[in-house]
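Inside the fold
Okay, here's what each chain looks like letter by letter:
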Amino acid sequence: GPTAFWDFLTRHPIAFLVNFFLVAITLAPAFYFRRRIFYCALISIAWLAGGAVNGFILLNRMTPFTVADLTVFETGIDTLPNYLSTGYMILLGGGILLAATALVLLFWKGPRSAASGRKRLVTGTAALALCSALLAGSWALAFQQGQLSQVFSNLAFAYDDYGFSYCFLQTWLNRGIRQPDGYSAQGMERILEMVEEDTPETAPQTDVNVLFVQLESFIDPLEIKDLELSENPVPTWTALTEQYSSGYLTVPVVGAGTANTECEVLTGMSTRFFGPGEYPYQTSLADQAVETVAYNLKANGYAAHAIHNHRAAFYGRNEVYANLGFDDFTALEYMPQVQLTPKNWAKDGILTSQIIKALDTTPDQPDLVFTVSVQGHGKYPMTQTLENPAVTVVSCPDEDYRYAVEYYVNQVHEMDAFLQNLIAALSRREEKTILVLYGDHLPALGLENQDMASGNLYKTEYVIWDNFGLEKVDENLLAYQLSAAALNRIGISTGTFNAFHQYCQEESTYTSDLRKMQYDVLYGRQYLYGGTSPYLPTDMQMGMAPIEVTEIVREGEDLWYILGENFSPYCQVTVDGKTLDAEYITQRLMRLTEDPGTTDPADLEIRVVDKHNEILS
């Protein structure tokens, strides 16, 4: 609003000029065209839409609008009903249609410049040159005066300090990892020798199942200062932190950006070294395999399973997980019917049976099971949604968020019950297991640093549970150190990044060396691996167990039943390319209401198709 605009203008006037000239330079080409009014309207609508989208996003999460969001555009559209009511979506669609119609009419009927082609060329070139010069001058002055920076330690604060136009541009141009100073074959050899010298000879425990559960937006609500609840919403979590290794976990995102915390835990890489707002899942990791906890455990004979109770294509996991070393990936489309929250996210209770199923699928191997939950996902409603909540808010530091906090706390309460059931199920198994539990980021509840007991919006918590008597070791970790810390508990030092985090943290060059390692394996000459990466994408299977059809049974004139294994509500039945009218009943039973024309199960094809009609398998 006007107050925020005036505050930005007076605090950072040169940064304001940079943003002004960035917009001006996109409008200047209008002088080249006859339809100048149309061009200006088109560009203005684009800028206004960008600002509006940024404002809407900031109302619903704690990170602003970036170019990376455009790479997950389909995901954003998919989740829009969770943030907007049907009425608002109709208004939004109507507004877009109205703007498009106005642009078409303006192009067709709008005024046109009578200037000659030569004059338009000269005027346009002059306008671009003038704007470019003013932009370059203000840009250089802003950096000299410290009003702009290319280092965004906090993306939301950067947008506030440097302006939307400049920051959005940076999220487009500033991608990947720039070559660090001192990067060379000799430098990487030094790092490799240091890792090898610092890593002791240990006897790894390769008979231990290793489980990770990344909990969506999960924190202990009592970490929020001045929040008083009717009861402790997370008694299981509280007990775990008292009995097992735990501490704060510094994550790279706040309020959103799940995939980047996940990326750090799996790879041991810091996503802060990438461009601001960048999702490596959508860029560097989309087409190359890298060292991960999955590859390191597979080298020790493990099977590697991934589970997520949301869309397989969310953040491109159905493709990128093969580059991260997983043997199979079970997403929502491969699960039985799930319960949903009032905001239409799958509840986490389904994950217990899926994790146990993964362990049972490969009885002759130890298992890595990496699970990503979704129940705690926002948006959290600002009006009363729960009629009889199990946990109520007695007092809230910001009364505007009372109902949002109450909704969130009750989702976390159910997630805590899921953890209790999961640990009970694991305790009944005669297998050594460690279970790493952690929150991916804080919830988008309008929180600030001073609202948190940790004093930092980028700190969640973690716990490492086990069933074979590991010593309790409490320490605060960074997300990219977590998997190394977990494997260190069982003496597994396989992998360069893994061993580096386990034994080189005290080195004075720890952070700069990590940056060089990431650059080397992703963008450099891969000196760490002798010039050729040893990691190749896996032939990843969708679903941890194959879908099978064993029998077709006819009942009466109009019904046929398909018997088999591992069906889901997303299964489609086809015969000779024709999709039949099929209804999911259970994981072992589907019903057809049209004649399949065959009684031979081999004639049927079962496709798993997501809600956007993408065939997953």
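As shown above, the structure is provided for reference.
The paragraphs below set out a description of the structure included in this document. What you are looking at is a predicted structure, and each value in this text was computed from that prediction instead of being measured. Position labels on residues start from 1 in each chain and follow its written sequence. Only residues with pLDDT of at least 70 are given local features in this predicted model, and only at 80 or more are side-chain atom pairs given and counted; all residues enter the totals for whole chains, interfaces and linings. In computing side-chain values, all of the structure's heavy atoms are included and hydrogens and water are not.

1. Details of the nonpolar core
- Phe212, Tyr281, Tyr321 and Phe326 are the most contacted members of the largest nonpolar core, which has 89 residues in total.
- Comment: elements are numbered from the N terminus, with helices defined as DSSP H or I runs of at least four residues and strands as E runs of at least two. Looking at this core element by element, the count peaks at six residues for helix H19 (residues 510-522).
- Apart from the residues within four sequence positions on either side, phenylalanine 326 is in contact with Leu266, Ala294, Ala304, His305, Ala306, Tyr321, Leu368, Phe370, Thr538 and Met540.
- To qualify as a nonpolar core, a set must consist of buried Ala, Val, Leu, Ile, Met, Phe, Trp, Tyr and Cys residues joined through side-chain atoms within 4.5 Å. Partly exposed residues are those whose accessible area sits between 20% and 50% of the maximum for their type, while under 20% is buried and over 50% is exposed, using a 1.4 Å probe and protein chains only. One finds Leu240, Cys396, Tyr407 and Val412 within the second-largest nonpolar core, a separate group that totals 57 residues. Note on contacts: a residue pair qualifies if any of its non-hydrogen atoms lie within 4.5 Å across the two residues.

2. Describing the environment of glutamine 505
- As for its placement among the helices and strands, glutamine 505 is situated in the loop between helix H18 (496-503) and H19.
- Its relative accessible area of 31% is what places glutamine 505 among the partly exposed residues.
- Sequence separation between glutamine 505 and glutamine 481 is 24 residues, and the spatial gap between their C-alpha atoms is 9.4 Å.
- With sequence-adjacent residues up to four places away left out, glutamine 505 is seen in contact with Gln481, Phe500 and Tyr510.
- Counted as a polar contact is a pair of N or O atoms within 3.5 Å, where, for protein atoms, one must be capable of donating a hydrogen and the other of accepting one, and residues adjacent in sequence contribute only when both atoms are in side chains. Only 3.4 Å separates the side chain of glutamine 505 from the side chain of glutamine 481, close enough to count as a polar contact.

3. Some words on the pattern of salt bridges
- We define a salt bridge as a contact between a side-chain nitrogen of Lys or Arg and a carboxyl oxygen of Asp or Glu at a distance within 4 Å. Tallying each qualifying case throughout the model produces 19 salt bridges.
- For the salt bridge of aspartate 360 with arginine 429, the shortest nitrogen-to-oxygen distance reads 2.9 Å. Highlighted residues: aspartate 360 in helix H15 (residues 350-361) and arginine 429 in the loop between helix H16 (402-427) and strand S8 (432-439), separated in sequence by 69 residues.
- With a relative accessible area of 45%, aspartate 360 lands in the partly exposed category.
- The network of salt bridges with common partners includes Asp7, Arg11, Asp160 and Asp161.

4. Thoughts on the sheet that holds strand S13 (residues 559-565)
- The strand order across the open sheet built from four strands is S12-S13-S17-S16, with neighbouring strands paired in antiparallel fashion. On the outer flanks of this sheet lie strand S12 (548-555) and strand S16 (582-586), each paired with one strand and no other. Adjacent strand axes in the sheet meet at a mean angle of 25 degrees when their direction is disregarded.
- Note on pairing: DSSP must find at least two bridges between two strands before they are called paired. Note that S12 and S13 share seven bridges and pair antiparallel. Residue pairing across strands places arginine 554 opposite tryptophan 560, the latter belonging to S13. To obtain an axis, a line is fitted to C-alpha atoms, over the contacting stretch when the element is a helix, and the angle between two such axes runs from 0 to 180 degrees between their N-to-C directions.

5. Some points on the state of the cysteines
- By disulfide we mean two sulfur atoms from cysteines, separated by a distance within 2.5 Å. Across all of its chains, the model carries zero disulfides by this definition.
- Take cysteine 131: it sits in no disulfide, and the sulfur closest to it among the cysteines is that of cysteine 40, at 11 Å.
- Exposure remark for cysteine 131: the relative accessible area of 14% places this residue in the buried category.

6. Remarks on empty space enclosed by the protein
- Think of a 1 Å grid over just the protein atoms. A cavity is a set of points where a 1.4 Å probe fits yet cannot get out, a pocket is an open set with protein on both sides within 12 Å along at least five of seven lines, and lining residues have an atom within 4 Å of a point. Grid points are joined across faces, edges and corners, and a volume is the space filled by probe spheres set on the points. One pass over the full model with this rule turns up six cavities of 30 Å³ or more.
- Considering only enclosed or pocket space, the largest cavity measures out at about 80 Å³ in volume.
- If you trace the largest cavity, you find 14 residues lining it, with Thr267, Gly268, Asn296, Ser483 and Asn498 closest to the centre.
- Elements represented by at least two residues in the lining of the largest cavity include exactly helix H12 (258-267), helix H13 (293-298), helix H17 (482-488) and H18.
- Of the residues assigned to the lining of the largest cavity, the class counts are six nonpolar, seven polar and one charged.
- As for the second largest cavity, its lining consists of Thr330, Tyr334, Gln354, Lys357, Gly543, Met544, Ala545, Ile547 and Asn566.
- Of the residues in the lining of the second largest cavity, the class split is four nonpolar, four polar and one charged. Polar here means any residue other than Ala, Val, Leu, Ile, Met, Phe, Trp, Tyr, Cys and Pro, which are nonpolar, and Asp, Glu, Lys and Arg, which are charged; Gly is therefore polar.

7. Focus on helix H2 (residues 13-27)
- Between its first and last C-alpha, H2 extends 21 Å over 15 residues, near the 21 Å set by a 1.5 Å rise per residue.
- All buried positions along H2 are accounted for by Ile14, Ala15, Phe16, Val18, Asn19, Phe21, Leu22 and Ala24.
- In this structure, the buried residues of H2 make contact with helix H1 (2-11), helix H3 (36-60), helix H7 (117-144), helix H8 (155-162) and helix H9 (164-173). Expected span of a helix: the number of residues minus one, times 1.5 Å.

8. Points about the packing of aromatic side chains
- Centre distance within 6.5 Å is the pairing criterion for rings of Phe, Tyr and Trp, where only the six-membered ring of Trp is used; planes under 30 degrees apart are then read as stacked, over 60 as edge-to-face, and the remainder as tilted. Applying the stated criterion to the full structure yields 29 aromatic pairs.
- When the centroid spacing of 5.1 Å and the interplanar angle of 55 degrees are considered together, the rings of phenylalanine 314 and tyrosine 315 count as tilted.
- A relative accessible area of 7% means that phenylalanine 314 is categorised as buried.
- Overall, the relative accessible area of 9% leaves tyrosine 315 in the buried class.
- Here phenylalanine 500 and tyrosine 510 contribute two aromatic rings whose centre-to-centre distance is 5.1 Å and whose plane-to-plane angle is 15 degrees, an arrangement assigned as stacked. Pair noted here: phenylalanine 500 is in helix H18 and tyrosine 510 is in helix H19, with a separation of 10 residues, a long-range link.
- A residue is classified by how much of its surface remains accessible, and tyrosine 510, at 8% relative accessible area, is buried.
- One aromatic cluster is present, formed by Phe5, Phe8, Phe16, Phe20 and Phe21 through successive ring pairs.
- Cation over ring: lysine 109 sits above tryptophan 108, and NZ or CZ is 4.5 Å from the ring centre.
- The ring of tyrosine 458 is capped by arginine 272, whose NZ or CZ atom sits 4.9 Å from the centre of that ring. Charges are assigned to positions over rings by a cutoff of 6 Å between ring centre and Lys NZ or Arg CZ, combined with an angular limit of 35 degrees from the ring normal.

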